[in-house]
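Summary of the model geometry
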Amino acid sequence: MDRILIRGGRALRGRIPISGAKNAALPLLAASLLSEGPLVLENVPDVVDIASMAGLLGELGVDVSIANGEEVGQTITLAARDVKDITAPYDLVRKMRASVVVLGPLVARCGHARVSLPGGCAIGTRPIDFHLKALAQLGAEIELAGGYVEARAPAGGLVGADITFPAVTVTGTENAMMAAALARGETVLHNAAREPEVADLANCLVKMGAEIEGIGTDTIRIQGRDRLSGTTHRVLPDRIETGTYAVAAAITGGDLELTGTSIELIKSVADVLVASGVELTPTANGIRVARENGRLAGVDIMTEPFPGFPTDMQAQVMALMTVAGGAAMITETVFENRFMHVPELCRMGANINVHGASAIIRGVAGLSGAPVMATDLRASVSLVLAGLAAEGETEINRVYHLDRGYERLEAKLAACGAEVERVNVR
Ligand SMILES: CC(=O)N[C@H]1[C@@H](OP(=O)(O)OP(=O)(O)OC[C@H]2O[C@@H](n3ccc(=O)[nH]c3=O)[C@H](O)[C@@H]2O)O[C@H](CO)[C@@H](O)[C@@H]1O
Ligand SMILES: C=C(OP(=O)(O)O)C(=O)O
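Residues numbered from 1 in each chain as written. Chains lettered and ligands numbered in written order. Predicted model: local features only at pLDDT ≥ 70, side-chain atom pairs only at ≥ 80, totals over all residues. Heavy atoms only, no water.

Per an unreviewed UniProt entry, the protein chain goes by the name UDP-N-acetylglucosamine 1-carboxyvinyltransferase and belongs to Defluviicoccus vanus. Entered under Sequence similarities (unreviewed entry) in the UniProt record, the comment concerning the protein chain runs "Belongs to the EPSP synthase family. MurA subfamily." The UniProt entry for the protein chain carries this comment under Catalytic activity (unreviewed entry): "phosphoenolpyruvate + UDP-N-acetyl-alpha-D-glucosamine = UDP-N-acetyl-3-O-(1-carboxyvinyl)-alpha-D-glucosamine + phosphate". (UniProt positions renumbered as here; feature names shortened; annotations may be inferred.)

In structure tokens:
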């Protein structure tokens, strides 16, 4: 099993290229099931979740070919001429719950889908009832048996409908939007997710021939088509990776240029960093993030659906607040159990108390390295960030969480002066 060792205390300086967004690329890959293709996706991050999704699509009968990019990213070409299988098996969905985004495209294109129920995970129970209700409103018959959800379209195919999500769901909106693109007539999605990754998918569907209005708003109107075609689409930059490396610059008192990204993409996170005393300036190709002098100030944060502060940045900003002056309150409203990083940060010397959905962080003068482990992707990377700032050595275990979503993490950090290495322990 791999571990990452970090000797902290070095200010990071240099340039980090930002990869394409994992959470945009995953539904975009699934969108290949909607047409014979080919769908050519550029700037796809080379991370384990993407390899898992490409593997699943390959098993369903999609021709998948991957060409590596020069610095970051890869181009993936997908052609779903003949979808041979309609099952997303337990072993895969268990490891990567985002594989549930094949449900909408499969039932729309093939009339039948069988997807393992994802179940809970480290950050919460994460049901998919809103996805299933939306597909049922499009006419699908839904059955749950043996841990699988089976969805069947009526004889004439799915039919457009007026759907109101009870609460904002990102992959639920994506599943419904992809299914509606091949349904008969008009679908309106109310209380739809406005995340940039949902808009990226909608923009790609439009290039594939779908008619979609209200992209990026909470009301999305889709006119269904009999068939969609292939296209070429460049995945948008990863705003969570951008935010993570912005925190790396801030927490180490460094100066980084993050390229291939923009401040607009991380607005809510940038606002918090600036309020805390971090300098962010646009550059020709990205963002410069610097904190040369002075201690950071604690800032209160509440996670919310876009355009609010993203839950996927909560753990990283909490790591930053552990070394800020004064206190900060972080409230998690999206997932019920997303504070798994707290005890590990405390083992590194942080002062954090959790009261229900809120954590009070009282800044300390410094953190100290320790062996740590985390149970999800963003919690793991928050420990990497804490390790970069801590005195002494931090050993991060369960590195497979990081590999799910961060492309070349150690190489990107080491190129900017971090003392970081991956060791293979048998
Ligand atoms: C692959 C991907 O894009 N993952 C992101 C996506 O996850 P994901 O799409 O799974 O998250 P959702 O937006 O669906 O979840 C938001 C909340 O709604 C609840 N819910 C959701 C669906 C449902 O049918 N019933 C229900 O109760 C969830 O349990 C959660 O409490 O959005 C999350 C919220 O921004 C991010 O943290 C994830 O990184
Ligand atoms: C929670 C995340 O991913 P997933 O929805 O795939 O678990 C994430 O990217 O932080």
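Don't stop here, the text continues.
**What about the overall build of the protein chain?**
Per the secondary structure count, the protein chain includes 14 helices and 24 strands. In terms of C-alpha radius of gyration, the protein chain reaches 21 Å, essentially the compact-globule figure of 22 Å for 426 residues. Across its three principal directions, the C-alpha atoms of the protein chain cover 65 × 45 × 45 Å. The buried share among the 426 residues of the protein chain stands at 56%. Contacts spanning at least 24 positions in sequence make up 74% of the contacts within the protein chain whose residues lie at least 6 apart. For the protein chain, the exposed surface amounts to about 16,200 Å²; the carbon and sulfur share of it is 49%. Averaged over its 38 positive side-chain charges, the protein chain has a centre that lies 2 Å from the centre of its 49 negative ones. (Helix = DSSP H or I, 4+ residues; strand = E, 2+ residues; numbered from the N terminus. Rg over C-alpha atoms; globule rule 2.2 N^0.38 Å. Buried < 20%, exposed > 50% of the residue type's maximum accessible area, 1.4 Å probe, protein only. Contact = heavy atoms within 4.5 Å. Areas by Shrake-Rupley, 256 points an atom, 1.4 Å probe, with all protein chains shown as cover. Lys, Arg positive; Asp, Glu negative; His and termini not counted. Charge placed at Lys NZ, Arg CZ, Asp CG, Glu CD.)

**Topic: the confidence of the model for the protein chain**
Mean pLDDT over the protein chain works out to 96, with 100% of the residues at or above the 70 mark. We note a pTM of 0.98 for the whole complex and an ipTM of 0.99 for its interfaces. (pLDDT = per-residue confidence, 0-100.)

**So, the site of ligand 2**
Near ligand 2 you find Lys22, Asn23, Arg97, Ile123, Arg126, Asp312, Arg338, Leu377, Arg378 and Arg404, and these make up its full shell. One nitrogen or oxygen atom from the side chain of Arg378 is found 2.7 Å from an oxygen atom belonging to ligand 2. Take Arg404: an N or O atom from its side chain is 3.0 Å from an oxygen atom of ligand 2. Burial of ligand 2 by the protein chains amounts to 88% of its free accessible area of 300 Å². Put simply, the parts of the chain that give the shell around ligand 2 at least two residues each are helix H1 (22-30) and helix H12 (377-389). (Near = heavy atom within 4 Å. Polar contact = N/O pair within 3.5 Å; in protein donor to acceptor, adjacent residues only side chain to side chain.)

**Things to note about the domain arrangement of the protein chain**
The domain architecture assigned to the protein chain consists of domain 1 (2-14 + 238-424) and domain 2 (24-233). Using C-alpha coordinates to define each centre, domain 1 is positioned 31 Å away from domain 2. On the domain 2 side, the residues contacting the 19 residues of domain 1 number 18 residues. At the boundary of domain 1 with domain 2, total buried surface from both sides reaches about 1,600 Å², with 54% on carbon and sulfur atoms. Broken down residue by residue, the surface that domain 1 buries against domain 2 is led by Phe306, Arg404 and Glu407, which jointly contribute 38%. Where domain 1 meets domain 2, there are two salt bridges. The residue Glu197 makes a salt bridge to Arg239 at a minimum N-O spacing of 2.8 Å. At the boundary of domain 1 and domain 2, one finds nine residue pairs in polar contact (both at pLDDT 80 or more). Looking at side-chain class alone, the side of domain 1 that touches domain 2 contains seven nonpolar, three polar and nine charged residues. (Domains from an automatic or database assignment. Buried area = accessible area lost by both parts, 1.4 Å probe. Salt bridge = Lys/Arg side-chain N within 4 Å of Asp/Glu carboxyl O. Nonpolar A, V, L, I, M, F, W, Y, C, P; charged D, E, K, R; others polar.)

**Observations concerning the sheet that holds strand E11 (residues 186-190)**
In sheet architecture, strand pairing relies on hydrogen bonds along the backbone and comes in two forms, parallel and antiparallel. Taken together, the four strands give an open sheet; going across it, the order is E10-E11-E13-E12, and neighbouring strands pair in mixed fashion. Both outer strands of the open sheet, strand E10 (162-164) and strand E12 (211-213), are each paired with one neighbouring strand and no more. Adjacent strand axes in the sheet meet at a mean angle of 15°, parallel and antiparallel pairs treated alike. Alignment of E12 against strand E13 (residues 219-223), held across three bridges, turns out to be antiparallel. Opposite Ile212, over in E13, you have Ile222 as the bridge partner. Sitting on the sheet, helix H6 (residues 170-181) is in contact with E11, E12 and E13, with an inclination near 25° to E13. (Pairing = 2+ DSSP bridges. Axes fitted to C-alpha atoms, helices over the stretch in contact; angles between N-to-C directions.)

**A short note on H6**
The end-to-end C-alpha separation of H6 is 17 Å, in line with the 16 Å expected for twelve residues at 1.5 Å each. For H6, the tally of buried residues reaches ten of twelve residues, placing the bulk of the element in the interior. Considered for burial, the residues of H6 that qualify are Gly172, Thr173, Glu174, Asn175, Ala176, Met177, Met178, Ala179, Ala180 and Ala181. (Expected span 1.5 Å × (residues − 1).)

**Comments concerning the state of the cysteines**
Taken as a whole and judged by the stated rule, the model has zero disulfides. The thiol of Cys204 is not disulfide-bonded; the next cysteine sulfur, from Cys110, is found 18 Å away. (Disulfide = S-S within 2.5 Å.)

**Some thoughts on the UniProt feature "active site" (unreviewed entry) in the protein chain**
The UniProt entry lists Cys121 under the feature "active site" (unreviewed entry), expressed in the numbering used here. Inspection of the secondary structure assignment puts Cys121 in the loop between strand E7 (112-116) and helix H5 (129-137). Apart from the residues within four sequence positions on either side, Cys121 is in contact with Arg97 and Arg126.

**Quick notes on the UniProt feature "binding site: phosphoenolpyruvate" (unreviewed entry) in the protein chain**
Following the UniProt record, the feature "binding site: phosphoenolpyruvate" (unreviewed entry) maps to Lys22 and Asn23 here. Relative to the assigned elements, Lys22 resides in helix H1. Those residues in contact with Lys22 that sit more than four places away from it in its chain are Pro45, Asp49, Ile50, Asp238, Leu377, Arg378, Arg404 and Gly405. Using a relative accessible area of 28% as the deciding quantity, one classes Asn23 as partly exposed.

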